[in-house]
Amino acid sequence: MDDDAVLNMALYPANVGDGMKHIDNNEAKLSEQILAFCKHIAGQSKIIAVAHVDNYSANSSSGRAIHEVMLIIQNFQPRLMRYLKPVQEKTISVFAVDQWIFERDIDRGLLGEALASKLIFPYTALQGELYLHEREVALKKRLVIELLENLSINFPELAPRIQILPQYFMYEVFNNRVRVFPLLAYDLTDLTISLKDAENSALSCYIEALNQLEAEEKISRKNGYVFITPKFIAHCQNPKLRFINLSKSAPRTLFSSLFGALPQLANRMGQNTETFLRTQKISWIRPNEQTTTFIDSHKYVFFPTAEGLVSLADKLDIKGYTQKMLLKNQNVNIDVAPAGGILNDVYVINASGKDVNTKILVKRFKDWSGFKWFPLTLWSFGARSFAVSGQARLAKEIAASEFLRTQGFNVPKILHVSNPELIIFMEFIEAEGLTQIIKRYSTTTDNQTISEAINLFSRVGENLARVHGANLSLGDTKPDNVLIKPDGTIYLIDFEQAMQGGDKAWDVAVFLYYCGHYLQPFDNIAKAKTLTHSFIEGYLRGGGSIDIIHKAALTKYTRIFSIFTVPPIMLAIANICKSTEAPRTPNPT
C-alpha cells in the first residue's frame, strides 16, 4: 500500500469497525503524524494495522493529552513496546505489538485481552481496516460465547427459555471491562454517549459474530431475539467451565491495569487535576459523587411468563407492582396480607372494586443461609441436595412453572417477576389443598367420601407420572403443593426445587410418606395401604416406571421421613412400593 492510499484511509475510512468515529479534516494532520511515527517504529518490518484507540471522547480528540495508538507489526522482535512522541504540546503514545501476540490475545486472552479489548471500545482504523475488522469479530464472538456460557451456568433452568436482544452482549462486555479496569469509569459518560449515539453501528460486529454462532448451532434467532440451543446448554453443564470463566477475571484486571493505567491517568490529569487526584483514592468515592451509571445489560435479557416477556433487570417490588398493575383504576381497594411462609415471604394481594375482583399471590425468595437451611441438609443428607440461594430457587420456580404450563399442566400463571428483588407474582388459585382431603379421608366413615378420595389419589399419581414423563422432577411434592378446585381440577404448585431429570423416586417418596404423616397414626394402616395402591395404580397408568416406585421404598428415603410419620404406616407404604409388580400386558388373542 503506498503512502497516498494510507493517507486516504486515514482521512476517509470506509469503516471504523465498531470504532464508529471518522476523522475530520482538522485531525488529518494528526493522523498523518501518527502514521509517520508508526513507520519509523516498524522500520523494515511490515505494518499489519494501525488504530487510533480509546477514541471515544464526546469532544474532539485534539482535547486529549495523550493519543493512544495500537500498532501491530509482523515479526516484531521486542514483542511488546510502548513509544512516546511529543507533538504540538500533545503526546502520541504508541503501543507496538507483535502480530502473533496480538492474535493470541484475540483468540484466547493471552494478555487478559488488555490489547484485544482496544477493539471493544470505539477506535479509528488508520491502516489495516479489514484485518482489524476480522479480529474484532473474532474477539466479540469469543466474548459472546463466554456470556452465553455464564447465562447457562447461572440460570440453568431458565437458559432454554431465555430470550436475548443483541444489545445485551455489547453492554455486558462493555460493563465487564469497566469493572476490571476502574479508571474507565471516569470516561463512562463519553463511552456511554458514544455507544448510545451509534448503537446500530456498534452492534454490527456483534451481529456478525451471532451469525457465525447461529451457523454453528450454538444459538437460534427468532423475531430479533437470540435463543441458546439445547446443544450449547448441554456443553455448559461441564463443572470445569464455571472455574475457567471465573479464572479469566484476574489476568484481565492485571494486564488492563499494566497497559492502560499510564495514558488513562495522564489524560485525567491533563483534563482535570481534581479528577486525577480522585483516582488516587478510588475506593473512597461516595456513590452520590458518580454522575453516570452503567447501562444495565440485563434489561435486554427476557424470559416468558403468562403475561408476556419480563426482563432480568425489572426491579418492581410489591408496592410498585400494585401501583403499576392494579391501581390503573383509582376506585380499586388494595389489601396486602401475609399468607404464611417460613422459608419464603408469602403475601396475598386483594384488589376489589366495581369492575375488579382479583387475588394475586406474591412470593419473595429468601436466601437460606447458615442455620436456616442446615436442618434441611441434615434431614436429607445422602438422599437429595437442595437449592438454597433465593436466586436459584426463583429461577427454578419460573422455569418449571412455564415449562409445565406450556406442556398443558394446570399451574398458577406467572404474572410478573422481579429478578433483582427475588419476587414472583402469581395467579391465586381458589382451591382446597390435598392435605385437607387426606385428613378428611383419614377420619371419615362415609363411603362416598372415601371413594372420591381414592379416585383423586389415583389421578394425582397419574398427573405426577405425566410430569416425570416430561423429564421433570418437582423436588417438593408434599400434598400441600397439590390444589384441588371445586370441579376436581388438579393444580400443582411450588417448583423452587424442580429440575430437569432429577430424582423422580424422591418425588414419589415425598408424596406418599407425607400422606402417611397426615393419616391418623394408629388405626389407619388399611387406609394408608389403600391410598398407596391408588396412587401407584394412577402413576403406572400415567406411564410412570415401576422402578421409580420400587426405589421409593429404599432406606435412604424411609429413614428421612421416619421422624414425622409413624413406623407402622411408613412400613406399610414402603412394603407396597417394594412389592408392586408391573401391570401385565394382555396376551394377544
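Structure report, in brief. (Residues numbered from 1 in each chain as written. Predicted model: local features only at pLDDT ≥ 70, side-chain atom pairs only at ≥ 80, totals over all residues. Heavy atoms only, no water.)

1. Describing the nonpolar core
Now for step 1: Among the nonpolar cores identified, the biggest contains 74 residues, and Ile72, Phe102, Leu132, Leu148, Ile164 and Phe169 are the most heavily contacted of them.
Now for step 2: The dominant element in this core, judged by the number of residues it contributes, is helix H4 (residues 129–154), at 10 residues.
Now for step 3: Those residues in contact with Phe102, other than ones at most four positions away along the chain, are Met70, Ile72, Val97, Leu115, Ala116, Leu119, Tyr131 and Arg135. (Core = buried A, V, L, I, M, F, W, Y, C linked by side-chain atoms within 4.5 Å. Buried < 20%, exposed > 50% of the residue type's maximum accessible area, 1.4 Å probe, protein only. Helix = DSSP H or I, 4+ residues; strand = E, 2+ residues; numbered from the N terminus. Contact = heavy atoms within 4.5 Å.)

2. Some points on helix H16 (residues 447–469)
Now for step 1: With 23 residues, H16 should cover 33 Å at 1.5 Å per step; its first-to-last C-alpha distance of 33 Å lies within 8% of that length.
Now for step 2: Three or more residues of H16 are buried, namely Ile450, Ala453, Leu456, Phe457, Ser458, Val460, Gly461, Asn463, Leu464, Ala465, Val467 and His468.
Now for step 3: Taken from the residues just after H16, Asn471 is the one with a positive phi, measuring 65°. (Expected span 1.5 Å × (residues − 1).)

3. Comments concerning the environment of Ile233
Now for step 1: Mapped onto the elements, Ile233 comes out in helix H8 (residues 230–235).
Now for step 2: Excluding residues that lie within four positions of it along the chain, Ile233 makes contacts with Ser152, Ala159, Pro160 and Ile228.

4. Examining the pairing of strand S12 (residues 344–352)
Now for step 1: Note: strand S11 (residues 333–338) against S12, six bridges, orientation antiparallel. From the neighbouring strand, Val336 faces S12, where its bridge partner is Ile349.
Now for step 2: Where S12 and strand S13 (residues 357–365) come together, nine bridges link them in antiparallel fashion. If you follow Ser352 over to S13, its bridge partner there is Asn357.
Now for step 3: As consecutive antiparallel partners, S12 and S13 are separated by four residues. (Pairing = 2+ DSSP bridges.)

5. Here's the deal with the pairing of S13
Side chains on a regular strand alternate between the two faces of the sheet.
Now for step 1: Two strands pair when backbone bridges link them, and S13 and strand S15 (residues 423–427) are joined in this way by five bridges, in the antiparallel orientation. Considered in S15, the bridge of Lys363 is made with Ile424.

6. Some points on the packing of helix H17 (residues 504–518) against helix H18 (residues 525–541)
Packed helices, taken two at a time, are described by the angle their axes make and the gap between the axes.
Now for step 1: Close contact between H17 and H18 brings their axes to 10 Å; oriented N to C, the two are set at 155°. Between H17 and H18, the angle falls in the class roughly antiparallel. As for how H17 packs across H18, the hand of that crossing is right-handed. Every residue of H18 that contacts H17 at Val508, Phe511, Leu512 and Cys515 is listed here: Leu531, Thr532, Phe535 and Tyr539.
Now for step 2: Its residues assigned to classes, the contact of H17 with H18 shows seven nonpolar, one polar and no charged. (Axes fitted to C-alpha atoms, helices over the stretch in contact; angles between N-to-C directions. Parallel < 35°, antiparallel > 145°, perpendicular 65-115°, else oblique. Left-handed = near helix turned anticlockwise from the far one by under 90°. Nonpolar A, V, L, I, M, F, W, Y, C, P; charged D, E, K, R; others polar.)

7. What to know about the sheet that holds S12
Now for step 1: Taking strand neighbours across the sheet as the criterion, the five strands line up as S11-S12-S13-S15-S14 in an open arrangement whose pairing is antiparallel. Pairing within the sheet leaves two strands with one partner each, and these edge strands are S11 and strand S14 (414–418). Averaged over all pairs of adjacent strands, the angle between their axes in this sheet comes to 20°, without regard to strand direction.
Now for step 2: Across the sheet, helix H14 (residues 390–406) touches S12, S13, S14 and S15, and the angle it forms with S14 is around 155°.

8. Notes on the pattern of salt bridges
Now for step 1: Tallying each qualifying case throughout the model produces 23 salt bridges.
Now for step 2: The residue Lys366 makes a salt bridge to Asp345 at a minimum N-O spacing of 3.5 Å. Of the two residues, Lys366 sits in the loop between S13 and helix H13 (374–379) while Asp345 sits in strand S12, which places them 21 residues apart along the sequence.
Now for step 3: Since its relative accessible area comes to 27%, Lys366 is described here as partly exposed.
Now for step 4: Within this structure, Lys363, Arg393, Glu397, Asp494 and Glu496 form a network of salt bridges that share partners. (Salt bridge = Lys/Arg side-chain N within 4 Å of Asp/Glu carboxyl O.)

Purely geometric stuff here, so don't read any function into it on its own.
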